[in-house]
Amino acid sequence: MVKYHFQIFVLLFLCLSVILKANEDTPDDKGVVYYSMSIHAGSMMPHYPLQASLNNDYIRGLDFSTYFLNSSKAELNHSALGLGYFMSNLGNNRVYGYVHSTYLSMLFPLLVNRFPVQLKLGLGPGYVTKKYDSEANTLNRAIGSHINAYGQISLTGGLPIAGEGWMLRMGMSFNHISNGLIFAPNQGINTVTLHAGLDFGSNHRHSGAFTIGRDSERKEKNRFTLTLASGVKEVDERAGKQILTSSLIFDYGYRFHPSFNAGVGINLFYNDTWAYLPYRMDYMELPTPFQSSIHLALELDKNPIAIILQPGFYIYRPTDVIPDFTGRLGMRYSFRNNITLQFAIKHHWFALADYFEWGIGYRFYR
C-alpha cells in the first residue's frame, strides 16, 4: 500500500515536470537549486467542538523543500518556485492519523538583508492515513477521504551560519488539509506549527523551465481572462450522491505593479447541491441549479505562476441556504500561447470549502 501511494506522488512530480519542460525558457534563464529541511512542532486549531475534544496529540512534522532560483548564486533575494514534501500527524493519531503531501510552493522575499525573511505559499495533493468510516471511525468528521489537498502559509526567516547558501531557518506555518467536499464529511483540519531547520545551497543547475518572473515588464497593462472550470462535490454522506459543478469566469485585471494585478470579475455557476437533502426538504420547491456572483480579482503574478484571490458575493442565489459571501483561492499557470490552467478552492466565508475547481482559460492583453 505504501509503495502504491509513493508511485502516485512520483507520477504527480513527473506530470509537473512535463508541463514545465513544455514551457521552457532559453538557456540563459537557468539557475541553481537550493534545498531546505525543517522540523515542525505545534498544535491543531479546532474549529468544531468535536475536534476540540479529540485534540490529544501535539503536532510533529517534517518538511523538505527544493527551490529553483533564478540566479547563479544560492541567495533568496528573488521569488522562487519550489517543490516540497510535508509529513505530520493531525492532532489525534488514532482518529485522524497522518498526512503525507507533495506540493508546489512559491517563496516571496520580504526582507533581503543579512537576515532574510520570506513568505512561503504551498499547495498540493496530500494522503491522509485515517478517514471517516460509518462503522470503524465515526468520530472523524474532519476527513472524508484518503486523498485531500494540502495547503501551507509560512512566515520564515534565516540566519547565515557558514559559507554561501548555508543558513539556519526558523518560522511559523499554518497548514490546512481538506478534500473540498469531494467526499463528505469534510470539516477539514487546520494546524499551526513552529519550524526550525537548515538551508543549504548547491551547484546543481536547473532547466529554465523552472524560471518564474519572466515577461514581468510586459507593456500591456490590461488583462482579460475567460476561464471554464469544473469540480466534483458530495452533497452529504447520508445522501451518498456526488454531483458535477461548473463555472464560467470572466476577469478583468489591471497591472498596478510587475507582480500585482487587481480588477473585478463575474461568475456563472452550475451547482444543484441545494436540490437534495439535507438542504431541501420534500415540501420545498426545487431551486434552479444556477447562481451568479461578482468578485475582486486579485493576482500575485510571478509569470508563469500566479496566486489568485477572488473574494466576492452572490448577486443571484435561488435559496437562502446558500451563504451571501463566496470566493476563490488558488493557483494559475500561464503558457506562452496565453492558455491558462487553474486549480482553486471555491469557498464560503473563507472557512467553508464548497468544492475544488480545475479550469482552463485564455488571457487577452491590451
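Keep in mind the model is a prediction, meaning the values are calculated, not measured.

### So, the overall build of the chain
Here comes step 1: Helix and strand counts for the chain stand at two helices and 16 strands.
Here comes step 2: The long-range fraction of contacts in the chain, counting pairs at least 24 apart against all pairs at least 6 apart in sequence, stands at 61%.
Here comes step 3: With the model as given, the accessible surface of the chain reaches about 17400 Å², and the carbon-plus-sulfur share is 65%.

### What to know about the pairing of strand β9 (residues 222–234)
Here comes step 1: As defined by bridge partners, β9 adjoins strand β10 (residues 242–257) across 13 bridges and the pair is classed as antiparallel. By the bridge assignment for β10, Glu-234 is matched with Gln-242.

### Things to note about unusual backbone geometry
Here comes step 1: Across the junction of Ala-184 and Pro-185, the peptide omega takes the value -5 degrees, indicating a cis bond.
Here comes step 2: Positioned with a positive phi, Leu-181 is a non-glycine residue whose angle comes to about 65 degrees.
Here comes step 3: Structurally, Leu-181 is set in the loop between β7 (167–178) and β8 (189–206).
Here comes step 4: Looking at Leu-181, the relative accessible area reads 14%, which means it is buried.

### Quick word on the side chain of Ser-247
Here comes step 1: Locating Ser-247 in the fold gives a position in strand β10.
Here comes step 2: The contacts of Ser-247, once residues within four sequence positions are left out, are Thr-227, Leu-228, Ala-229, Leu-268, Phe-269, Arg-328, Tyr-355 and Glu-357.

### What about the environment of Lys-131?
Here comes step 1: Considering the arrangement of structural elements, one finds Lys-131 in the loop between β5 (117–128) and β6 (147–160).
Here comes step 2: In this structure Lys-131 comes out as partly exposed when scored by relative accessible area, which is 29%.
Here comes step 3: Excluding its chain neighbours within four sequence positions, the residues that come into contact with Lys-131 are Asn-137, Asn-140, Ile-143, Gly-144, Ser-145 and His-146.

### Topic: the side chain of Asn-148
Here comes step 1: Examined against the element boundaries, Asn-148 turns out to sit in strand β6.
Here comes step 2: Relative accessible area serves as the criterion here: at 4%, Asn-148 is assigned to the buried category.
Here comes step 3: A distance of 3.1 Å separates a polar side-chain atom of Asn-148 from the backbone oxygen of His-146.
Here comes step 4: With residues near it in sequence (within four places) discarded, Asn-148 still touches Gly-124, Pro-125, Gly-126, Val-128, Ile-143, Ile-177, Ser-178 and Asn-179.

### Overview of the packing of aromatic side chains
Here comes step 1: What the rule picks out here adds up to 14 aromatic pairs.
Here comes step 2: Pairing Phe-86 with Tyr-150 gives two aromatic rings, centres 4.9 Å apart and planes at 15 degrees, and the pair type is stacked. Separated by 64 residues along the polypeptide, Phe-86 in strand β3 (residues 80–89) and Tyr-150 in strand β6 bring together distant segments of the chain.
Here comes step 3: A relative accessible area of 1% means that Phe-86 is categorised as buried.
Here comes step 4: Take Tyr-150: its relative accessible area is 0%, and that puts it in the buried class.
Here comes step 5: A ring pair is formed by Phe-269 and Tyr-314, whose centres lie 6.1 Å apart and whose planes are at 65 degrees; its orientation type is edge-to-face. Of this pair, Phe-269 sits in strand β11 (residues 260–270) while Tyr-314 sits in strand β13 (residues 305–316); the two residues are 45 residues apart in sequence, bridging distant segments of the chain. Take Phe-269 and Tyr-314: they sit in the same class, and that class is buried.

### Here we look at a nonpolar patch on the surface
Here comes step 1: On the surface, Leu-226, Leu-228, Leu-248, Phe-250, Ile-266, Leu-268, Tyr-270, Phe-290, Ile-294, Phe-313, Ile-315 and Tyr-316 cluster together into a nonpolar patch covering about 1100 Å² of accessible area.
Here comes step 2: The set of elements that each furnish at least two residues to the nonpolar patch consists of β9, β10, β11, β12 (290–302) and β13.
Here comes step 3: Assignment of secondary structure puts Phe-290 in strand β12.

### Quick word on the confidence of the model for the chain
Here comes step 1: Counting all residues, the mean pLDDT for the chain is 83, and 80% of those residues have values of 70 or more.
Here comes step 2: Taken element by element, the chain is modelled with least confidence in helix α1 (residues 2–22), mean pLDDT 44, and with most confidence in β11, mean pLDDT 95.
Here comes step 3: For the stretch residues 1–28, pLDDT sits under 50, and the model shows 33 contacts to residues farther than four places along the chain or on other chains.

### Remarks on the pairing of strand β2 (residues 59–68)
Here comes step 1: The buried fraction of β2 amounts to seven of the 10 residues, a majority that puts the element mostly inside the structure.
Here comes step 2: Here strand β1 (residues 31–44) runs beside β2; their pairing, made up of 10 bridges, is antiparallel. Note on β2: the bridge partner recorded for Met-37 is Phe-64.
Here comes step 3: Here β2 runs beside β3; their pairing, made up of eight bridges, is antiparallel. Looking across to β3, one finds that Thr-66 is bridged to Leu-83.

### Points about the sheet that holds strand β15 (residues 339–348)
Here comes step 1: Ordered by their spatial adjacency, eight strands build a closed barrel running β9-β10-β11-β12-β13-β14-β15-β16, and the pairing between neighbours is antiparallel. Averaged over neighbouring strand pairs, the angle between their axes works out to 25 degrees when direction is ignored.
Here comes step 2: As paired strands, strand β14 (residues 325–334) and β15 are joined by nine bridges and run antiparallel to one another. By the bridge assignment for β15, Gly-330 is matched with Ala-344.

So, how was this worked out
- Residues numbered from 1 in each chain as written.
- Predicted model: local features only at pLDDT ≥ 70, side-chain atom pairs only at ≥ 80, totals over all residues.
- Heavy atoms only, no water.
- Helix = DSSP H or I, 4+ residues; strand = E, 2+ residues; numbered from the N terminus.
- Contact = heavy atoms within 4.5 Å.
- Areas by Shrake-Rupley, 256 points an atom, 1.4 Å probe, with all protein chains shown as cover.
- Pairing = 2+ DSSP bridges.
- Buried < 20%, exposed > 50% of the residue type's maximum accessible area, 1.4 Å probe, protein only.
- Polar contact = N/O pair within 3.5 Å; in protein donor to acceptor, adjacent residues only side chain to side chain.
- Phe/Tyr/Trp six-rings, centres within 6.5 Å; stacked < 30°, edge-to-face > 60°.
- Patch = residues over 30% accessible without salt bridge, like charges linked within 9 Å, V, L, I, M, F, W, Y side chains within 5 Å.
- Salt bridge = Lys/Arg side-chain N within 4 Å of Asp/Glu carboxyl O.
- pLDDT = per-residue confidence, 0-100.
- Axes fitted to C-alpha atoms, helices over the stretch in contact; angles between N-to-C directions.

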